[in-house]
Amino acid sequence: MAFPLHTAEFDGTMLLAHLGVAFVLVSFCACLDSNVNSTDDVSDIHIRSKRCAPSNNAYFYARLTHNLKNHHGRVPFNQVIVNKLRRYKPSSGVFVCPSSGYYVFTWTLMTDHKEWVISDLIVGSSTKGKLIVDSDEGLESGSTTVLVYVRRGQHVFVRITGGNRNIESRGSVPSFSGWKLP
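If you're wondering where the values come from, they're calculated on a predicted model, not measured in any experiment.

For the rest of this paragraph, the subject is the overall build of the chain. Tallying secondary structure elements over the chain gives zero helices and 16 strands in all. Looking at the chain alone, contacts between residues at least 24 apart form 65% of all its contacts between residues at least 6 apart. Entry remark: accessible area of the chain is about 9,600 Å², with carbon and sulfur atoms responsible for 51%.

As structure tokens, this is what we get:
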């Protein structure tokens with residue numbers, strides 16, 4: 001069975017097409033043969049090594065591994081999967097921007113039967129994105145993505161702002177990730 005490769009490379013960082021609701025970020029110094037296209041079978045792709053300068057772009061991906069009940073404030077996504085430059089702080093749920101530029105942030109939350117939650121993406125002291133997840137029956141999850149300019153030193157985090165404020169963590173579905181565009 002052939003699996004098509006869907007990738008975008010920027011600044012030495014490879015962004016692989018999303019798996020479920022999470023993006024996978026892999027940093028490596030390699031390049032694909034120039035005659036490869038996005039419909040080729042992965043097994044037919046040849047990678048050749050090249051020298052490349054290390055990327056100074058921070059990126060992170062973290063998941064929530066425990067339920068939050070009647071939670072107010074920042075969401076501490078505690079299980080760090082990737083944390084380039086270690087700018088994401090899992091104990092507080094805060095990403096501290098290392099350099100000014102455009103960043104992409106995405107987050108996913110999940111609620112259980114008859115529960116709902118409202119969350120905001122906070123950059124500095126401003127709301128830059130909103131996600132509402134409402135479950136009528138069973139588990140429901142929702143995701144959103146925000147592209148925003150962030151200044152060096154600004155704090156970025158997901159904050160619970162409304163609903164009954166209960167977040168379900170089964171399967172580590174709740175997640176938060178971000179990366180700088182080149």
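There is more to say, and it comes next.
For the rest of this paragraph, the subject is the pattern of salt bridges. Per the stated rule, a full pass over the model turns up three salt bridges. Here Arg-170 ties to Glu-168 by a salt bridge, and the two come within 2.9 Å at their closest N and O atoms. For Arg-170, a relative accessible area of 45% corresponds to the partly exposed category. Each of Asp-112, Glu-168 and Arg-170 takes part in a single network of salt bridges with overlapping partners.

Attention shifts here to the pairing of strand 12 (residues 116-123). Of all eight residues that make up strand 12, seven are buried, and the element is covered over most of its length. Across eight bridges, strand 12 lies against strand 13 (residues 126-134) in antiparallel orientation. Pairing of Trp-116 across the sheet is with Asp-134, part of strand 13. Turn length for the strand 12-strand 13 hairpin, with the two strands adjacent in sequence and antiparallel, is two residues, and the turn residue Gly-124 shows positive phi of about 65°. The sheet contact formed by strand 12 and strand 15 (residues 155-163) spans seven bridges and is antiparallel. Considered in strand 15, the bridge of Ile-118 is made with Gly-162.

Quick look at the nonpolar core now. One broad rule of soluble globular proteins: the nonpolar side chains tend to lie buried together. Of all hydrophobic cores here, the largest spans 27 residues; its most connected members are Phe-77, Phe-95, Phe-105, Leu-109, Leu-121 and Phe-176. Among the elements of the structure, strand 6 (59-63), strand 11 (101-111), strand 12, strand 13, strand 14 (140-150) and strand 15 are those that each provide at least two residues to this core. Sequence-distant contacts of Phe-95, that is, excluding residues within four places in its chain, are made with Ala-58, Phe-60, Arg-87, Tyr-88, Tyr-103, Phe-105, Gln-154, His-155 and Val-156.

What follows covers the packing of aromatic side chains. What the rule picks out here adds up to eleven aromatic pairs. Ring geometry for Phe-60 and Tyr-88: centres 4.9 Å apart, planes at 5°, overall stacked. You can see Phe-60 sitting in strand 6 and its partner Tyr-88 sitting in strand 9 (residues 88-89), a full 28 residues away along the chain. Judged on exposure class, the residue Phe-60 and its partner Tyr-88 are both buried. The interplanar angle of 75° and the centroid separation of 6.1 Å between the aromatic rings of Tyr-88 and Phe-176 together place this pair among those described as edge-to-face. Here Tyr-88, found in strand 9, pairs with Phe-176, found in strand 16 (residues 175-180); they are 88 residues apart in sequence, far enough to count as distant. Here the two residues Tyr-88 and Phe-176 agree in accessibility, since each one is buried. Taken together through their ring pairs, the aromatic side chains of Phe-60, Phe-77, Tyr-88, Phe-95, Tyr-103, Phe-105 and Phe-176 make up a single cluster.

Calculation rules
Residues numbered from 1 in each chain as written. Predicted model: local features only at pLDDT ≥ 70, side-chain atom pairs only at ≥ 80, totals over all residues. Heavy atoms only, no water. Helix = DSSP H or I, 4+ residues; strand = E, 2+ residues; numbered from the N terminus. Contact = heavy atoms within 4.5 Å. Areas by Shrake-Rupley, 256 points an atom, 1.4 Å probe, with all protein chains shown as cover. Salt bridge = Lys/Arg side-chain N within 4 Å of Asp/Glu carboxyl O. Buried < 20%, exposed > 50% of the residue type's maximum accessible area, 1.4 Å probe, protein only. Pairing = 2+ DSSP bridges. Core = buried A, V, L, I, M, F, W, Y, C linked by side-chain atoms within 4.5 Å. Phe/Tyr/Trp six-rings, centres within 6.5 Å; stacked < 30°, edge-to-face > 60°.

In short, the description is geometric, and any link to function would need to be established separately.
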